[in-house]
Amino acid sequence: MKPSAEEIGALLALKRHERPEEGFLDDFLRDFHQRRREEEALKAGPAGWWHRLSSWASGLGASKWAYGAGLAYAGAAALFLLSPSPVQVQPTPTVPAKYQVEPAEPTAVEQLDAVDLRPSSQGTTGEQEF
Amino acid sequence: MPDDPLQPDPDEDLVARARSGDTRAFDALILKYGEKLYGLVYNMTAHKEDTYDLLQDIFAKAYHSLPKFRGHSSFYTWIYQIAVNMTLNFLKKRKRRGGGMSLNEMDSAVQTDPALVDSSHMANPEKQSKLHELQKRLNEAMLSLSEAHRTVVTMFDIQGLPHAEIARILKISEGTVRSRLHYAHLQLQSKLQEYWEQGI
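Conventions and cut-offs
- Residues numbered from 1 in each chain as written.
- Chains lettered and ligands numbered in written order.
- Predicted model: local features only at pLDDT ≥ 70, side-chain atom pairs only at ≥ 80, totals over all residues.
- Helix = DSSP H or I, 4+ residues; strand = E, 2+ residues; numbered from the N terminus.
- Buried ≥ 20, exposed ≤ 12 C-beta atoms within 10 Å, placed from the backbone.
- Contact = placed C-beta atoms within 7 Å.
- pLDDT = per-residue confidence, 0-100.
- Nonpolar A, V, L, I, M, F, W, Y, C, P; charged D, E, K, R; others polar.
- Axes fitted to C-alpha atoms, helices over the stretch in contact; angles between N-to-C directions.
- Parallel < 35°, antiparallel > 145°, perpendicular 65-115°, else oblique.
- Left-handed = near helix turned anticlockwise from the far one by under 90°.
- Core = buried A, V, L, I, M, F, W, Y, C linked by C-beta atoms within 7 Å.
- Domains from an automatic or database assignment.
- Expected span 1.5 Å × (residues − 1).
- Arc of directions from axis to C-beta.

**Student:** Before we go on, may I ask you to explain the overall build of chain A in this structure?
**Tutor:** Counting its regular elements, chain A contains five helices and zero strands. Counting helices and strands in the order they occur from the N terminus, chain A gives α-α-α-α-α. Out of the 130 residues in chain A, the part that is buried amounts to 4%.

**Student:** Please clarify how the overall build of chain B should be interpreted in this entry.
**Tutor:** A count of helices and strands for chain B gives nine helices and zero strands. Counted from the first residue to the last, chain B has its helices and strands arranged as α-α-α-α-α-α-α-α-α. Taken across its 200 residues, chain B has 30% of its residues classed as buried. Partitioning the intrachain contacts of chain B with sequence separation of at least 6 by distance along the chain shows that 68% fall at a separation of at least 24.

**Student:** Help me understand the confidence of the model for chain A in this model?
**Tutor:** Detailed reading of the predicted model is not advised wherever pLDDT is low. Averaged over every residue, the pLDDT of chain A is 77; residues scoring 70 or more account for 75%. Helix α3 (residues 48-58) of chain A is the least confidently modelled element of chain A, averaging 71 in pLDDT, while helix α2 (residues 24-44) of chain A averages 89, the highest of any element.

**Student:** When you look at the interface of chain B and chain A in this model, what are you seeing that I'm missing?
**Tutor:** Interface size is commonly expressed as the accessible surface area that is lost when the partners come together. Each partner contributes to the interface: chain B provides 29 residues, whereas chain A provides 22 residues. Of all the elements in the fold, those that place two or more residues in the side of chain B that touches chain A are α2 (23-45), α3 (48-65), α7 (147-158) and α9 (174-198) of chain B. Considering every element that reaches the side of chain B that touches chain A, the biggest residue donor is α2 of chain B, with nine residues. In the side of chain B that touches chain A, the residues fall into 15 nonpolar, nine polar and five charged.

**Student:** Which parts of the structure should I look at to understand the packing of α2 of chain A against α2 of chain B?
**Tutor:** Two quantities define a packed helix pair, namely the angle between the helix axes and the distance between the axes. At their nearest, the axes of α2 of chain A and α2 of chain B sit 11 Å apart, and the two run at 140 degrees to each other. The orientation of α2 of chain A relative to α2 of chain B falls into the category oblique. Classified by chirality, the crossing of α2 of chain B by α2 of chain A is right-handed. For the pair α2 of chain A and α2 of chain B, contact is made by Leu-25, Phe-28, Leu-29 and Phe-32 of chain A and by Asp-27, Ile-30, Leu-31 and Gly-34 of chain B, respectively. Among the residues forming the contact of α2 of chain A with α2 of chain B, the class breakdown is six nonpolar, one polar and one charged.

**Student:** Before we go on, may I ask you to explain the nonpolar core in this structure?
**Tutor:** All names here are of chain B. By size, the foremost hydrophobic cluster in this structure holds 42 residues, and its most contacted members are Leu-37, Val-41, Ala-83 and Val-152. Residues from two domains meet in this core; each of domain 1 (11-101) and domain 2 (103-200) gives at least three. Not counting the four nearest positions on each side in its chain, Leu-37 is found in contact with Leu-55, Ile-58 and Ala-83.

**Student:** Sorry, what's going on with α3 of chain B here?
**Tutor:** Think of an α-helix as 3.6 residues a turn; residues three or four steps apart then line up on the same face. For α3 of chain B, spanning 18 residues, the distance from its first C-alpha to its last is 25 Å, which sits close to the expected 26 Å at 1.5 Å a residue. Along α3 of chain B, the positions that sit buried rather than exposed are Thr-51, Leu-54, Leu-55, Ile-58, Phe-59 and Ala-62 of chain B. The arc that holds every buried residue of α3 of chain B, seen down its axis, measures 135 degrees, which confines them to one face. In this fold, the buried residues of α3 of chain B make contact with α2 of chain A together with α2 and α4 (75-98) of chain B.

**Student:** Help me out: how do you make sense of the packing of α2 of chain B against α3 of chain B in this one?
**Tutor:** All names here are of chain B. The N-to-C vectors of α2 and α3 enclose an angle of 135 degrees; their axes lie 9 Å apart at closest approach. Considering the angle they form, α2 stands oblique to α3. Judged by the sense of rotation from one axis to the other, the crossing of α2 with α3 is right-handed. Contacts between α2 and α3 involve Phe-26, Ile-30, Gly-34, Leu-37, Tyr-38, Val-41, Tyr-42 and Thr-45 from the first element and Asp-50, Thr-51, Leu-54, Leu-55, Ile-58, Phe-59 and Tyr-63 from the second. Here the contact of α2 with α3 is composed, by residue class, of eleven nonpolar, three polar and one charged.

**Student:** For this particular structure, what's the right way to read the environment of Ala-164 of chain B?
**Tutor:** Along the chain, Ala-164 of chain B turns up in helix α8 (residues 163-170). The spatial distance from the C-alpha of Ala-164 of chain B to the C-alpha of Arg-178 of chain B is 9.9 Å, given a sequence separation of 14 residues.

**Student:** Sorry, what's going on with the confidence of the model for chain B here?
**Tutor:** All names here are of chain B. For chain B, per-residue confidence averages 83 on the pLDDT scale, and 82% of positions sit at 70 or higher. Element-level mean pLDDT values for chain B span from 51 in helix α5 (residues 108-111) up to 94 in α3. Note that pLDDT drops below 50 for residues 115-121; the model gives that stretch 14 contacts with residues more than four away or on any other chain. Taken together, the chains of this predicted complex give a pTM of 0.66 and an interface ipTM of 0.75.

**Student:** Is there a simple way to explain unusual backbone geometry in this structure?
**Tutor:** Apart from glycine, the bulk of residues carry a negative phi angle, and the bulk of peptide bonds sit in the trans form. Residue and element names in this part refer to chain B. Although it is not a glycine, Ala-46 adopts a positive phi angle of roughly 60 degrees. Inspection of the secondary structure puts Ala-46 in the loop between α2 and α3. Since 22 C-beta atoms lie within 10 Å of it, Ala-46 is described here as buried.

So, in structure tokens, the structure goes:
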């Protein structure tokens, strides 16, 4: 035989009288205040802005993705607008400039011709050929 | 708990003071509703430490969200809704983390819940022992229910909320609430059948 739904309901209703242990709420309040003080100290610190931003975002629900996408788009647009523009190549002037023609440096072959390649001294141990 | 639009919220003054930064007013709200919310969270999680931590989170969330509270419902309905949503989210996370709670992990205090011990049976040790066993079985059966079913049983049978209020808080239809309750009761009846047959 199974208990009826009413009997199940009556059994469960007895659980309405469940109470936390004595002193539970005193400890609970003490911890609650402690935790709040810690949170306030955290908010006042350098990590506070990030904490506030994440709390704000978590409160937005599904719309946080729309905000995120909007911010990403705005960031990309700002990056595009602020990035340096490509270097403009100026066209070379067509008017001939006056150049003073300098005599060209002699080529390497001409320099070689000027060099005396004869042996500076005759060897005594044998004839040298060039 | 249902809100009567003609009745002013009995916590209106405390809420207004808490919103203006009076921490004692918020303490008074914690003292007023702490035990009721404890029953809700404890019967849903079956774990004392989890209940304590969750209640801390629930009241902290309510405290920070007070500026957003518009008074469309009573403060109790509002914080009750926060409690249900946060507990359901916690249970989902706990399930993902560890594949749900095994009966071995069940809080020993739930198994020896004095609430089920009828004082008229106190003089009869045999009857009292059977009641203890029945109570243990009932708690085990409760934990064998899915979170969705355990939630409606907790809200309806233990906390005494009407179907319409449960539907509003859980954002489901009243029909779904009734159907979940019916299924959950069948499950509980089946789980308790063996002990019921022995008679108490």
